Amino acid sequence: MVISVPRLVIAAPSSGSGKTTVATGLMAAFASWGLAVSPHKVGPDYIDPGYHTLATGRVGRNLDAYLCGTELIAPLFAHGARGCDLAVVEGVMGLYDGAAGEGELASTAQVAKLLRAPVVLVVDASSQSRSVAALVHGFASWDPEVRVSGVILNKVGSSRHEEMLREALDASGVPVLGVLRRAAQVGTPSRHLGLVPVAERHAAAVESVAAMASQVSQGCDLDGLLALARSAPALAGAAWDAAAAVVSSPPPPLPVPTLGAAPPDPRHRPERPRPQTSDGLKDRGTGLRAAPRIAVAGGAAFTFSYAEHAELLTAAGAEVVTFDPLRDEQLPDGTDGLVIGGGFPEVYAPELSANEPLRKAVAELAFGGAPVAAECAGLLYLSRELDGQPMCGVLDVSARMSERLTLGYRDAVAVSDSVLAAAGTRMRGHEFHRTVVEPGAGAAPAWGVRAPQRRVEGFVQQGVHASYLHTHWASQPGVARRFVERCRTS
């Protein structure tokens, strides 16, 4: 099979150069031409893809060579770009920056090479003139396999400044494909973990994306950029497919009755109700529910998720239903399992705490033995309290905000059998938070992490797996299959 989608990688010498503005603006501008644009983001970032989704009307997808492996980059790209006229890939950090101590692994440069895609370098030119040529030459010549094919000059101060920059770049052999003026910069609000997610400011985010599209349309050579994208050679290989991935994953072992220790207070372990709806009825021949219902947390407080997770759960036979812990007072009817991903629960701690009916419903589900998978924000939501605000109380954990940022890729191994993985399963993850947890008693550790220091991390308790690690299940489709089977049999 051949992958022939026209494509561009938008990169930069460093963070803060304007990649998100340019990439999102290009996506929206080309979409306004009537093109079907496939949006992608290098690395583990969850926030930028939300803006990409607004710009294109298609789900923003991540391409992370550390979490998923280099062999999945082209298949995942082809999966997201299927049927599209153009794909725009926003890079991460500087062009050649990747996982610490791992060479080029997970860098924008590596992804560009794996996709055989031309690279457009966004350069913050606000404090330089002739030196821009040396900078661009260095990035273009550092790795001959990386095809730096154009430059977009950002934060240019004046017509005279633009003239000096263009004169300097004339001899570089890298054409200038756009100039964005400093006075026309589009502002998007940020906080401790980056941009504010789209779900928290949807109307304003729509305006921001429109402004980015306008700025890029006026300042960039869209015809030249599209021609460059169409110059990308075809890739050999097949698109990733969730159903095929699930089928090829190892079958999960038989369920175990109890994982980890019992909850701190056994008096609060009511039997999990089974609503007698058609969705919750068991198959008479096997005693198993044919399509277990898995509730996935969403809304403004829980915005961090990879689209492939829901696709894998569905492919494994589950019915995936979303709910909003800020608004919904009950879990979806017939919920058999629960997935709570990342986000900003610390921002919404009072509102989450005030939704006492849902907190109780989550606790009842978990204490009744239902499978629950929680990452980062999900871990905080399952805790006893967050910054003094009562949470679900599923785990005997107290959480609080910290001034210290914990950030980086992690190589982990499951140290306890859980609803997600058998002990000994290797996975790679990513941590990104400004909170700490102070654990009590009653849970086994979830992961053993090897770097930057050896430690255990997360909690396994009955059917609950809660951890700070964000993982990408496409790298281990058996995780989704195991979780669905646990939901089917619990």
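Cut-off values and rules
- Residues numbered from 1 in each chain as written.
- Predicted model: local features only at pLDDT ≥ 70, side-chain atom pairs only at ≥ 80, totals over all residues.
- Heavy atoms only, no water.
- Helix = DSSP H or I, 4+ residues; strand = E, 2+ residues; numbered from the N terminus.
- Buried < 20%, exposed > 50% of the residue type's maximum accessible area, 1.4 Å probe, protein only.
- Contact = heavy atoms within 4.5 Å.
- Pairing = 2+ DSSP bridges.
- Axes fitted to C-alpha atoms, helices over the stretch in contact; angles between N-to-C directions.

Draft legend 1. Molecular detail of the side chain of His-40. Within the secondary structure layout, His-40 lies in strand S3 (residues 37-42). Residue classification places His-40 among the buried positions, given a relative accessible area of 0%. Once residues within four sequence positions are removed from consideration, His-40 is found in contact with Met-27, His-52, Arg-61, Leu-63, Phe-77, Gly-80, Ala-81, Ala-87, Val-88, Val-89 and Glu-90.

Draft legend 2. Focus on the sheet that holds strand S13 (residues 319-323). One open sheet holds the six strands; their spatial order is S13-S12-S14-S15-S23-S22, and the pairing between them is mixed. This sheet does not close on itself; its edge strands, each paired only once, are S13 and strand S22 (459-461). Between one strand axis and the next, the sheet turns through 15 degrees on average, direction left out of account. Both strand S15 (residues 372-375) and strand S23 (residues 464-467) contribute to a ladder of four bridges, which runs parallel. Note on S23: the bridge partner recorded for Ala-373 is His-465.

Draft legend 3. Up close: the pairing of strand S12 (residues 293-297). The buried fraction of S12 amounts to five of the five residues, a majority that puts the element mostly inside the structure. Neither face of S12 is exposed, since Arg-293, Ala-295 and Ala-297 on one face and Ile-294 and Val-296 on the opposite face are all buried. Sheet topology note: the S12/S13 ladder contains five bridges and is parallel. When the bridges of S13 are listed, Arg-293 appears paired with Glu-319. Both S12 and strand S14 (residues 335-340) contribute to a ladder of four bridges, which runs parallel.

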